[in-house]
Amino acid sequence: MERTFVMVKPDGFRRGLVGEILARFERKGFRIVGLKALRISKELAERHYAEHREKPFFPGLVSFITSGPVVAMVLEGPNAIAEVRKMMGATHPKDALPGTIRGDYATTIDENVIHGSATPEDAEREIALFFRPEELL
Ligand code: IDP
């Protein structure tokens, strides 16, 4: 069993894709162990995306991710980290296959609908950033 952190980004929330995305993960068989809607602060955005701090797209990324509500969740299941990444599709929607979330719902890299942890270390760090232990089942 593994846990991963997933977030429907502001574009996904604004476009009403939360239910569709949650349904895919539920049908796949993942257990939702944490779920909340929130507006991300600039500080939280900068901590969440700390690895990209030096990249040219960082300011745009922070401004986008704080531009509206998001839905944050923790999903649990066998190989959850890799399986969720597979269901999300490639970072750039032009490389994401049809049938994946980004392949089906996104067209540009700066508004690519969903985030999912890349590694077990990222998952642990991101879950702790967004959820207190008592908020998880
Ligand atoms: P991931 O979201 O698939 O893990 P990362 O490389 O960790 O991809 O990048 C984090 C997020 O930063 C991406 O989902 C995307 O929204 C944004 N991003 C990455 N590269 C670029 C870029 O070259 N231009 C604009 N945004 C980017």
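Residues numbered from 1 in each chain as written. Predicted model: local features only at pLDDT ≥ 70, side-chain atom pairs only at ≥ 80, totals over all residues. Heavy atoms only, no water.

**Description of the environment of F5**
Tracing the sequence through the fold places F5 in strand β1 (residues 2–8). Owing to a relative accessible area of 0%, F5 belongs among the buried residues under this scheme. In sequence terms F5 and A80 are 75 residues apart; their C-alpha atoms lie 9.3 Å from each other. The contact partners of F5, leaving out residues within four places of it in the chain, are H48, A72, M73, H115, G116, S117, E126, I127, F130 and F131. (Helix = DSSP H or I, 4+ residues; strand = E, 2+ residues; numbered from the N terminus. Buried < 20%, exposed > 50% of the residue type's maximum accessible area, 1.4 Å probe, protein only. Contact = heavy atoms within 4.5 Å.)

**Digging into unusual backbone geometry**
With a phi angle near 50°, N79 is a residue other than glycine that sits in the positive phi range. Position of N79 relative to the elements: it lies in the loop between β3 (70–77) and α5 (80–88). A positive phi is found at V113, a non-glycine position, where the angle reads about 75°.

**So, the UniProt feature "binding site: ATP" (unreviewed entry) in the protein chain**
Feature annotation in UniProt places "binding site: ATP" (unreviewed entry) on K9, F57, R85, T91, R102 and N112, given in this structure's numbering. Note on K9: relative accessible area 6%, which makes it buried. Look past the residues within four positions of K9 in its chain and what remains in contact with it is Y49, F64, I65, V70, R102, N112, V113, I114 and H115. Structurally, the position occupied by F57 is in the loop between α3 (42–48) and α4 (58–65). (UniProt positions renumbered as here; feature names shortened; annotations may be inferred.)

**Concerning the pattern of salt bridges**
Throughout the structure, instances matching the rule amount to 12 salt bridges. One salt bridge connects K28 with E83, and the closest N-O pair in it is separated by 3.3 Å. Of this pair, K28 sits in helix α2 (residues 18–28) while E83 is found in helix α5, placing the two residues 55 residues apart along the sequence. Given a relative accessible area of 45%, K28 falls into the partly exposed group. (Salt bridge = Lys/Arg side-chain N within 4 Å of Asp/Glu carboxyl O.)

**Here we look at the site of the ligand**
Near the ligand you find K9, Y49, H52, F57, L61, R85, T91, R102, I109 and N112, and these make up its full shell. At a separation of 3.2 Å, an oxygen atom of the ligand approaches a polar side-chain atom of R102. A distance of 3.1 Å is found between an oxygen atom of the ligand and a backbone nitrogen or oxygen belonging to I109. The class makeup of the residues in the shell around the ligand is four nonpolar, three polar and three charged. (Near = heavy atom within 4 Å. Polar contact = N/O pair within 3.5 Å; in protein donor to acceptor, adjacent residues only side chain to side chain. Nonpolar A, V, L, I, M, F, W, Y, C, P; charged D, E, K, R; others polar.)

**What to know about the packing of aromatic side chains**
Evaluation of the coordinates by the stated rule reveals two aromatic pairs. For the pair F5 and F130, a centre-to-centre distance of 4.5 Å together with 25° between the ring planes defines the contact as stacked. Of this pair, F5 sits in strand β1 while F130 is found in helix α7 (residues 120–130), placing the two residues 125 residues apart along the sequence. F130 shares its class with F5; the two are buried. Ring centres of F25 and F30 lie 6.5 Å apart, and the angle between their planes is 55°; this geometry places the pair in the tilted category. Pair check on accessibility: F25 and F30 agree, each one buried. One cation-aromatic arrangement involves K36 over F131; the distance from NZ or CZ to the ring centre is 4.6 Å. (Phe/Tyr/Trp six-rings, centres within 6.5 Å; stacked < 30°, edge-to-face > 60°. Lys NZ or Arg CZ within 6 Å of the ring centre and 35° of its normal.)

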